[in-house]
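If you want the building blocks of each chain, they are given just below.
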Amino acid sequence: MKKIRVLIAKPGLDGHDRGALVIAQALRDYGMEVIYTGLRQTPQQIVAAAVQEDVDAIGLSCLSGAHNELFPEIVSLLEERSAGDIIVVGGGVIPWEDIPFLESKGIQKVFTPGTPTKDTAIFIEKAVYERDGIDQTVKEPPKKIDHIGIAVSSLEEALPFYVNQLHLKLEAIEEVASEGVKVAFMKIGESRIELLEPMSESSPVALFIKKRGEGIHHIALADERIEERLKELSSNGVKLIHETPVKGAGGANIAFLHPKSAGGVLYELCEKGTKEAE
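Every chain begins its residue count from 1, and numbering advances along the sequence as written. Predicted model: local features are reported for residues with pLDDT of at least 70 only, side-chain atom pairs are reported and counted for 80 or more only, and whole-chain, interface and lining totals are derived from all residues. Excluded from the side-chain calculations are hydrogens and water; all other atoms, namely the structure's heavy atoms, are used.

1. Thoughts on the overall build of the protein
Going along the chain from the N terminus, every DSSP run of H or I of four or more residues is numbered as a helix, and every run of E of two or more is numbered as a strand. On a plain count of helices and strands, the protein comes out with 8 helices and 13 strands. Over its C-alpha atoms, taken along the principal directions, the protein stretches across nearly 70 × 40 × 35 Å. With a 1.4 Å probe rolled over the protein chains alone, any residue whose accessible area is under 20% of its type maximum counts as buried; one over 50% counts as exposed, and the rest are partly exposed. When each of the 278 residues of the protein is scored for burial, the buried share is 44%. Here, Shrake-Rupley sampling with a 1.4 Å probe gives the accessible areas, and only protein chains in the shown set may cover a residue. With an accessible surface of roughly 14,400 Å², the protein has 52% of that area assigned to carbon and sulfur atoms.

Here's what the structure looks like:
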């Protein structure tokens with residue numbers, strides 16, 4: 001699947017770019033390549049950079065109130081450079097009443113304050129795929145191993161090895177009611193180790209320990225489209241433990257795949273918000 005390239009730009013004299021930097025980081029976290037032009041760029045500079053960088057989309061941020069002049073000018077300049085297929089979206093302090101005008105001038109979407117950054121990424125991705133005729137039913141692989149779950153009889157007894165001997169930093173301990181476990185997370189590189197202590201004898205983890213003893217329980221794969229992934233797997237005949245996501249540790253959406261369809265390995269799909277995924 002292609003890597004989407006996005007130019008984040010601040011047109012005009014607006015001197016505040018915190019929002020632009022936040023959205024730039026969010027798009028990077030989503031897997032896009034992002035170029036940021038910096039403050040106080042003219043429409044000509046922004047269009048020149050977009051063409052030179054061969055981007056798929058431009059994200060414009062404006063807090064000065066000049067969006068009705070600057071945004072359409074950028075769209076017009078793109079068309080003059082035969083780059084009218086570059087998708088342009090906007091954000092910032094933009095009154096609702098100005099949005100229809102901007103959209104009539106070629107701004108494909110205006111994101112108002114408070115819009116989740118992930119919504120912006122999903123919109124850009126979908127718009128680029130539709131423009132390029134890319135079949136969106138073809139999925140990318142999961143992003144990474146989010147964590148490895150290890151079943152233990154007691155967090156109190158297991159934690160000293162990880163904290164005192166391996167020197168891993170304990171991030172948090174919390175109870176996950178949906179799975180009947182108390183969990184402890186420790187970060188290691190881009191992934192985490194999750195210790196799972198059963199909260200009752202009927203917990204799936206308690207049954208696992210009773211049958212196999214303590215040890216590796218599951219591998220969790222980071223996935224940003226968990227519902228679509230589940231539908232795809234189900235349609236391909238993969239046996240699922242969860243047909244729809246449930247709430248896991250840290251508020252993440254999770255779902256388990258049945259080991260019978262995965263070579264005896266219990267896999268968890270794990271979808272986190274941008275903040276939790278860091």
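2. Focus: the packing of helix α1 (residues 18–30) against helix α5 (residues 117–132)
Fitted lines through C-alpha atoms serve as axes, helices being fitted only where they are in contact, and the angles separating the N-to-C directions of these axes extend from 0 to 180 degrees. Between α1 and α5, the shortest axis-to-axis distance is 9 Å and the interhelical angle comes to 60 degrees. Considering their axes alone, α1 and α5 lie oblique with respect to each other. The two elements α1 and α5 meet at a crossing, and its hand is right-handed. Contacts between α1 and α5 pair V22, I23, A26, L27 and Y30 from the former with T117, K118, T120, A121, I122, I124 and E125 from the latter. Here the contact of α1 with α5 is built from residues that sort into 8 nonpolar, 2 polar and 2 charged. For classification purposes, angles smaller than 35 degrees are called roughly parallel, those larger than 145 roughly antiparallel, those between 65 and 115 roughly perpendicular, and all remaining angles oblique. The hand of a helix crossing depends on one turn: near helix anticlockwise from the far one by less than a right angle means left-handed, and clockwise means right-handed. In what follows, a contact means two residues having at least one pair of non-hydrogen atoms within 4.5 Å. Residue type decides the class: Asp, Glu, Lys and Arg count as charged, Ala, Val, Leu, Ile, Met, Phe, Trp, Tyr, Cys and Pro as nonpolar, and the leftover types, Gly among them, as polar.

3. Considering the layout of surface pockets
Here the largest pocket defines a volume of roughly 790 Å³. L196, H217, H218, F256 and L266 are, among the 37 residues lining the largest pocket, the residues nearest its centre. Where the lining of the largest pocket is concerned, the elements lending two or more residues are β7 (170–176), β8 (181–188), β9 (191–198), α7 (204–212), β10 (215–222) and β12 (253–257). Of all the elements, α7 adds the most residues to the lining of the largest pocket, at 6 residues. Grid spacing is 1 Å over the protein atoms alone, the probe is 1.4 Å, and a cavity is where that probe fits but cannot get out, while a pocket is an open set with protein on both sides within 12 Å along at least five of seven lines and lining residues have an atom within 4 Å of a point. Grid points are joined across faces, edges and corners, and a volume is the space filled by probe spheres set on the points.

4. Notes on the sheet that holds β8
Only when DSSP finds a minimum of two bridges between them are two strands counted as paired. Taken in spatial order, the 8 strands make up an open sheet running β7-β8-β9-β6-β10-β13-β12-β11, and their pairing is mixed. Either end of the sheet is taken by a strand with one partner, and the two such strands are β7 and β11 (246–247). Note: strand β6 (residues 144–151) against β10, 7 bridges, orientation antiparallel. Across the sheet, residue G149 finds its bridge partner in β10, namely H218.

5. Overview of unusual backbone geometry
For S82, which is not glycine, the phi torsion reads 55 degrees and is therefore positive. Counting through the fold element by element, S82 comes out in the loop between α3 (67–80) and β4 (87–92). Of note in the backbone geometry, H167 takes a positive phi value of approximately 60 degrees without being a glycine. Relative to the elements of secondary structure, H167 occurs in the loop between α6 (155–165) and β7.

6. As for α1
If you check α1, its first and last C-alpha atoms are 18 Å apart, about what 13 residues at 1.5 Å a residue would give, namely 18 Å. Turning to α1, its buried residues number three or more, namely A20, I23, A24, A26, L27 and Y30. Around the axis of α1, the buried residues are gathered within 165 degrees of arc, so they sit on the same side. As for α1, its buried residues are in contact with β1 (5–9), β2 (33–36), β3 (57–62) and α5. Positive phi shows up at G31, right after α1, with a value of about 110 degrees. What a helix should span is 1.5 Å times the count of its residues minus one. The arc in question is the one traced by the directions running from the helix axis out to the C-beta atoms.

Function-wise, these values are silent; they only describe arrangement.
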